[in-house]
Amino acid sequence: MKSLSANLVQEKNKQHSTYPWLLLLDITLPDSTIFRFVNNNEDIVYKGNTYTCFPFEIGPQESSVDGEIPKIELKICNITRILTPYLNTYNGGLESEVLITVVNSNLLAEDYSELEATLTVIDCQVDEYWVSWSLGLFNPTMQRFPLYRYLANYCSYPFFNTGIGECGYNGALTTCLHTLADCIAHGNEINFGGNLGLQNDGIRVV
Amino acid sequence: MADVTFPTLSRGINLDVREVSANPTIRSEMENGSVITRARFTRLRKTWNFSIGFLTAADKVLLDAMQNTTHIGAGTISWTHPKTSVVYEVRLLSPITFQVESDNSNLQSAVFSLEEV
């Protein structure tokens, strides 16, 4: 049972009202870039942040009897391609965090903590009109096993050339073979993510 | 900022402007007949519908140039309301329809709609 403030309950129960209930999105990408959108036809300011009016749609929650984790589809307008460079850089925006908040346009100072949901982007599809994200929660059955793999001459860090992540390389080269030799060629061997002390043959699960 | 300014035509367009606001109402009828209503958006955008007759060839060139510049509804137009002199940023809702006047083939009529951005 949600516990809303008296003002919100009163507004919710009105038979007619001129103040719309709006959906706010706080999209936090893996590099901590935040997009704030509202499904309105003008910008609004909420908690000191400006939410840009932007077309998006949130579908109903999808559940099944198969034990799958419920999902919600979020479609964001892609006509302006505003998200495309970020999707290209961050693997479709997977693992981005999306905070969905429902607010009333006339009661923006109220406490909406009961009307918030934080979800993670778990799937992405893009066409010329929409970026379609499936939002859900972390699924433990999809967790990698064994959790860590220690390879002798293979760096498991994702490669970026912008200085972010564990790789930390920030330079002009755009490709990486994930080997020590290539890491030396990049001048980044101090961050090499392989385990050179291991043998190169065979595997061992501990 | 608008891509182009609405051209000055040989004929005033203030005689035949129909203005309508977007309807943001969400309605849900209850079993007892009463209706619950809410607004969907906070801002009411307007649309103006025009039907201008007896335009000269020069007028048609100006209107054509305007819709070519904006690629019909992709770009925006700065338009001054003829009655209130309020300047609106608008876009074409659809391509302008030109028709030769039946009683004078040198003149044309134009029908188009502008929607507020």
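Starting from 1, residues in each chain are numbered consecutively following that chain's sequence as written. By the order in which they are written, chains take letters starting at A while ligands take numbers starting at 1. Residues qualify for local features only when their pLDDT is at least 70, as the model is predicted, and side-chain atom pairs are given and counted only at 80 or more; totals for whole chains, interfaces and linings, by contrast, use all residues. With hydrogens and water stripped out, all remaining heavy atoms of the structure feed into the side-chain values.

Student: Please give an account of the overall build of chain A that cites residues and values.
Tutor: Comment: elements are numbered from the N terminus, with helices defined as DSSP H or I runs of at least four residues and strands as E runs of at least two. Across its full length, chain A carries three helices and nine strands. Going residue by residue from the N terminus, the α and β elements of chain A occur as α-β-β-β-β-β-β-α-β-β-β-α. Between the two quantities, the radius of gyration covers C-alpha atoms and the globule rule is 2.2 Å times the number of residues to the power 0.38. For chain A, the C-alpha radius of gyration of 22 Å lies well beyond 17 Å, the compact-globule estimate for 206 residues. Expressed as lengths along the three principal axes of its C-alpha atoms, the size of chain A is roughly 70 × 40 × 30 Å.

Student: Can you break down the interface of chain B and chain A residue by residue, with the values?
Tutor: We call two residues in contact when some of their heavy atoms are within 4.5 Å. On the side of chain A, 16 residues touch chain B, which itself brings 11 residues to the contact. Throughout, the accessible surface (probe 1.4 Å) given up by two parts as they are put together, summed over both, is called the buried area. Both faces considered, chain B and chain A share a buried interface measuring about 1,000 Å² in area, 42% of it formed by carbon and sulfur atoms. Any carboxyl oxygen of Asp or Glu within 4 Å of a side-chain nitrogen of Lys or Arg constitutes a salt bridge here. Here chain B and chain A share zero salt bridges between them. Polar contact is the term for a pair of N or O atoms within 3.5 Å; when the atoms are in protein, one must be able to donate a hydrogen and the other to accept it, and sequence-neighboring residues count only if both atoms are side-chain atoms. For the pair chain B and chain A, the interface holds nine residue pairs in polar contact (both at pLDDT 80 or more).

Student: So what's going on with the domain arrangement of chain A? Which residues, and what values?
Tutor: Reported domain spans reflect what an automatic or database domain assignment gives. Segmenting chain A into domains produces domain 1 (6-142) and domain 2 (145-206). Taking only C-alpha atoms into account, the centre of domain 1 of chain A sits 35 Å from that of domain 2 of chain A.

Student: Give a description of a nonpolar patch on the surface that names residues and reports values.
Tutor: Nonpolar side chains (Val, Leu, Ile, Met, Phe, Trp, Tyr) are joined into patches within 5 Å and like charges within 9 Å, using only residues with over 30% relative accessible area and no salt bridge. Working definition of accessibility: Shrake-Rupley area with a 1.4 Å probe, residue cover restricted to the visible protein chains. On the surface, a nonpolar cluster with roughly 450 Å² of combined accessible area is contributed by L147(A), Y148(A), Y150(A) and L198(A). The class for Y148(A) is exposed, based on a relative accessible area of 56%. Accessible area is worked out with a 1.4 Å probe on protein chains only. A residue is then buried under 20% of its type maximum, exposed over 50%, and partly exposed in between.

Student: Tell me what's going on with empty space enclosed by the protein, and back it up with residues and numbers.
Tutor: Residues and elements named next belong to chain A. Of the two site types, the cavity is a set of points on a 1 Å grid over the protein atoms alone where a 1.4 Å probe fits but cannot get out, and the pocket is an open set with protein on both sides within 12 Å along at least five of seven lines, each lined by residues with an atom within 4 Å of a point. Grid points are joined across faces, edges and corners, and a volume is the space filled by probe spheres set on the points. Scanning the model with the defined rule gives one cavity of 30 Å³ or more in all. A volume near 120 Å³ is recorded for the largest cavity. Around the largest cavity, the lining comprises 13 residues; the ones closest to its centre are C155, C167, C176, C183 and N188. When the residues that make up the lining of the largest cavity are grouped by side-chain class, the tally is eight nonpolar, five polar and no charged. Basically, the charged four are Asp, Glu, Lys and Arg, the nonpolar ten are Ala, Val, Leu, Ile, Met, Phe, Trp, Tyr, Cys and Pro, and anything else, Gly included, counts as polar.

Student: So what's going on with helix 1 (residues 57-69) of chain B? Residues and values would help.
Tutor: All names here are of chain B. Take the residue count of a helix, subtract one, and multiply by 1.5 Å to get its expected span. Compared with an ideal rise of 1.5 Å per residue, which puts 13 residues at 18 Å, helix 1 spans 18 Å between its outermost C-alpha atoms and is within 8% of the ideal. Along helix 1, the residues classified as buried are D59, L63, M66 and Q67. Projected down its long axis, helix 1 carries its buried residues within an arc of 90°, all on one side. Turned more than 90 degrees from where helix 1 packs its buried face, A57, V61 and N68 sit exposed. Those residues of helix 1 that are buried lie in contact with strand 1 (4-5), strand 5 (46-55), strand 6 (77-80), strand 7 (87-92), strand 8 (97-101) and strand 9 (104-116). H71 sits one or two positions beyond helix 1 and adopts a positive phi of about 50°. Here, the arc refers to the directions that run from the helix axis to the C-beta atoms.

Student: Explain unusual backbone geometry residue by residue, including any values.
Tutor: Of note, N91(A) is a non-glycine position whose phi angle comes to about 55°, a positive value. Mapped onto the elements, N91(A) comes out in the loop between helix 2 (84-89) and strand 7 (97-104). Note on N91(A): relative accessible area 59%, which makes it exposed. In this structure, F54(B) is a non-glycine residue whose phi angle is positive, near 60°. Within the secondary structure layout, F54(B) lies in strand 5. F54(B) sits in the partly exposed class, given a relative accessible area of 41%.

Student: An account of the environment of V4(B) is needed here, citing residue identities and associated values.
Tutor: All names here are of chain B. By the element assignment, V4 lies in strand 1. A C-alpha to C-alpha distance of 5.0 Å links V4 and I77, two positions 73 residues apart in sequence. Setting aside its immediate chain neighbours within four residues, V4 contacts M66, T69, T70, T76, I77 and S78.

Student: An account of the pattern of salt bridges is needed here, citing residue identities and associated values.
Tutor: Under the criterion given, the structure shown has eight salt bridges over all chains. In this structure, K47(A) engages E116(A) in a salt bridge whose closest nitrogen and oxygen atoms are separated by 4.0 Å. Taken together, the residues K47(A) in the loop between strand 3 (44-46) and strand 4 (49-53) and E116(A) in strand 8 (residues 116-126) connect sequence positions 69 residues apart. Linking E115(B) and R91(B) is a salt bridge whose minimum nitrogen-to-oxygen distance equals 3.2 Å. Highlighted residues: E115(B) in strand 9 and R91(B) in strand 7, separated in sequence by 24 residues. For E115(B), a relative accessible area of 15% corresponds to the buried category. Judged by relative accessible area, which is 23%, R91(B) ranks as partly exposed. Within the structure, one salt-bridge network assembled from shared partners comprises R45(B), R91(B) and E115(B).

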